[in-house]
Structures are given as structure tokens and as C-alpha cells.
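# Structural features, examined
One letter stands for each residue in the lines below.
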Amino acid sequence: MSKFWSPAVSELTPYIPGEQPRERLIKLNTNENPYPPAPGVGAVLREFPTDHLRLYPDPESRALRESLGRTFGVDADQVFVGNGSDEVLALAFQAFFRQERPLEMPDITYSFYPVYCRLYGVERRALPLNARWEVDLDAFDSDCGGVIFANPNAPTGHGHGREAIAGLLERITDSVVLVDEAYVDFGGESAVSLVERFPNLLVTGTFSKSRSLAGLRLGYAVGSRELIEGLTRVKNSFNSYPVDSLASAVAIATLEDTDHFEACREKVITTRERTRRQLESLGFEVLPSRANFVLVSHPDFDAAQLFVGLRERGILVRHFNTDALRNFLRITIGTDDEMDSLVETLELLCA
Ligand SMILES: *Cc1c(COP(=O)(O)O)cnc(C)c1O
């Protein structure tokens, strides 16, 4: 608390990101990609004309939006880009969710959403997951100020198919439905192709996970021109240049290399299924996952103690200290070698 802060700042409960350790650990706590970005990225960085940094970047990020438009089969006018999808989400909260009626979301989902609700004074209605730990699409009430959830969801890993999302959009037509597809490339089904049919659908995505560029800070949204214009109005009232010229050039080179992208995501998916079987044979319950992480619990061992045991042996995973998730660990899928170390260490701890 400080007398210098705006009064509302005392009321905030900031998001706590996963630790970025200084020592060398096997890092399975923030869902980064274990594989390097596309090889073309090195050449872009080496050859980038230094003098270009003297100038402001294109405020409309036209070239990057065109490249994303080609990737998703939509027009550049249906694409928005920002400094990480966290920023895109923040702008979406301001553009669409400051309504009379509450914003609806699952009670277990990306924990940044409640933080934005506080920051922007958005009332929140949290709905329980169903008995299979899935986002209960039928629970969303059409009389709401908007809907937001991650699909696949975090930290559970369950993802709904496109038809299920279309069903929700048939029902909720008067407010924005934001589907956060940060993890869709690891086995989920994207709703991007539905944006032509549903003008209230906004799909967000990120270069941080499947594109191995978490350090670059780049996210995007795809939706109707109406929604993109709303986001652009807010962006231009906040920061005209959220995407720098270097990030834009790197991102375009990344999108062009589909072979590298496919190979990396397939490796992650294969390793995930292998890890799942290994953890199950140690007695863990592993929720089915379409993401680059698994949420696991063990009937005989306390998750917080396993977290500490792993950490002492050089392996960092994520433990959430909430009532619903206290018994679980969220484990990012790394390389096969990293996952072998994880499984061996858990074998020791659960002996
Ligand atoms: C990682 C993540 C993001 C944030 O991505 P950035 O582009 O790195 O800001 C957004 N939503 C979900 C569900 C995530 O897991």
C-alpha cells in the first residue's frame, strides 16, 4: 500500500506467472516449447537492417496481419496483433466485456481472466466444470455480458471440438464469445473457421507455445471486422505500436515454415502420450490432454510435497494453491530426455 497509488491499485490481485528460475533446472512449469523456433528466425535476426530500428514500426502491422490471414484463411482485416496474447486479451476485456451484465467463464480456466476482471471492473460469473473436468458449454447463460474460456482449457487440457463451439454460438448471439486457443496446435480443433458465420466470435492465439517464441511477446486475435475494429480503437487509445519491427519480421518467417511447426508439435504430442502412459504406470491419474501439458494427481502422494521433491532434484513443475487444484501438478511436456528425468524422479519420490 502506498499513498501515491491510485485508490484502485490497492484493490488489485495481480496474476502470478510461473517462476523463471535463475539456476539451470528442467523447466516444465510455464508451458514453453522445448524445441527452438523455426531455423529461418536466425537468418532474420542476423540480417535485420539495424537502421530500421530508428523508425517506428508500422502501427497497423499490415505485413504480419496479412501473413496470419493467409495462415488462417481469412482477410487481414479480420486479424489483430498485440504484444503477447495477454495484451490482446486485456484489450478485448476493455473493448467488449465492460457491460452491465457479468462476464461468464469456467471456475477453472486461465487465471489471468479474473485478474483482468478486477483491473477493468468487470463483474464475473464463474461456472463449475462438468464431472469430467470439461468446460460445461451448456452452463453459459445467453443473458450475459460475454463469455471467455480457453480451448483447450488450462490447466486441465480438455478441448471441445468445433461443432460444440458452433452449438454455443448458435445460442449466444448478443455478446462476444472469446475462445482462447493458446494451446490449440497440440491436438485441439480451432474455431477460426467459424468467424465468418458468427460475428460475435473472437479467437485468440499466441506465438509463445506452439511457435517457440515466448520471449518475443506476440499474440493475435481473429474475428469479424466489427470486433477487430473494436480492438483497434482500444489499442489506438493505449499504445499505437505494440508490435515492434523485429518481432514482426521474426513472426512472418516463423509462419512461413510449416514443416518445422508440424514436426515440433507432433513431437510434443507423441512425448505427451508417452509420458501419460509412464505416469499412469506410477499410479498417477492423468487428465486427457490436447495441450502441451498434463494435469496429474496421485491418490497416495501430496502434490505440494511432490512439487518440493521435484524442485530439490532440479525439476520445476507448476502447483496451484487453490482448493480445486491443490492435489494436482501441471507438468509441461518437454523433450523425451526431460520427461524421462521427470518420470525417474517421480519414481523415486513415489517409492
Ligand atoms: C500462455 C497463455 C496465454 C498468454 O500467451 P502470451 O502470448 O505469452 O501472452 C494466454 N492464454 C492462455 C490460456 C495461456 O496459457
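Rules used throughout
Counting restarts for each chain: residues are numbered from 1 in the order of the written sequence. Whole-chain, interface and lining totals are the exception, using all residues; otherwise, since this is a predicted model, local features are given only for residues with pLDDT of at least 70 and side-chain atom pairs are given and counted only at 80 or more. Here the side-chain values reflect all heavy atoms present in the structure, with hydrogen atoms and water set aside. UniProt positions are given in the numbering used here, feature names are shortened, and annotations may be inferred rather than shown by experiment. By definition, any uninterrupted DSSP run of H or I lasting at least four residues is a helix, any uninterrupted run of E lasting at least two residues is a strand, and each is numbered from the N terminus. Within these notes, the globule rule equals 2.2 Å times the number of residues to the 0.38 power, and the radius of gyration is based on C-alpha atoms. For each residue, the accessible area found with a 1.4 Å probe, counting protein chains only, is set against the maximum for its type, and the residue is called buried under 20%, exposed over 50%, and partly exposed in between. Residues count as neighbours in contact if any of their non-hydrogen atoms are within 4.5 Å of one another. For the area figures, the Shrake-Rupley method with a 1.4 Å probe applies, and any residue is considered shielded solely by the protein chains shown. Note on terminology: a nonpolar core comprises buried Ala, Val, Leu, Ile, Met, Phe, Trp, Tyr and Cys residues joined through side-chain atoms within 4.5 Å. The start and end points of each domain follow an automatic or database-based domain assignment. Between any two strands, pairing holds if DSSP finds at least two bridges.

Named according to an unreviewed UniProt entry, the protein is Histidinol-phosphate aminotransferase originating from Halomonas campaniensis. What the UniProt record of the protein gives under Cofactor (unreviewed entry) is the line "pyridoxal 5'-phosphate". UniProt, in the comment section headed Subunit (unreviewed entry), describes the protein in these words: "Homodimer."

### Focus on the overall build of the protein
From N to C terminus, the protein includes 11 helices and 12 strands. Computed over the C-alpha atoms, the radius of gyration of the protein is 20 Å, within 12% of the 20 Å expected from 2.2 N^0.38 for a compact globule of 351 residues. Considered along the principal axes of its C-alpha atoms, the protein spans approximately 55 × 50 × 50 Å. When the 351 residues of the protein are sorted by exposure, 51% land in the buried category. Summarising the internal contacts of the protein: among those between residues at least 6 apart in sequence, 72% fall at separations of at least 24. A total of about 16,600 Å² of accessible surface is found on the protein, and carbon and sulfur atoms cover 49% of it.

### Quick notes on the environment of Glu104
Checked against the element boundaries, Glu104 lands in strand E3 (residues 103–106). Remark: the alpha-carbon pair of Glu104 and Tyr120, spanning 16 residues in sequence, is separated by 15 Å. Setting aside residues up to four positions removed in sequence, Glu104 forms contacts with Arg125, Leu127, Phe140, Asp141, Cys144, Gly146, Val147 and Ile148.

### Side note on the nonpolar core
Of all hydrophobic cores here, the largest spans 48 residues; its most connected members are Leu64, Phe140, Phe149 and Leu201. Ranked by residue count, the leading element in this core is helix H8 (residues 245–256), at six residues. In this structure, this core is formed jointly by two domains, domain 1 (7–36 + 259–349) and domain 2 (39–257), each of which donates at least three residues. Listed in part, the 29 residues of the second largest apolar core include Phe97, Tyr110, Val176 and Ile228.

### Here's the deal with the sheet that holds strand E9 (residues 285–286)
Read from one edge of the open sheet, three strands run E9-E10-E12, paired in antiparallel fashion. At either end of the open sheet lies a strand with only one pairing partner, and these are E9 and strand E12 (329–332). In terms of strand pairing, E9 meets strand E10 (residues 293–297) through two bridges, oriented antiparallel. Among the inter-strand pairings, Glu285 is bridged to a residue of E10, identified as Ser297.

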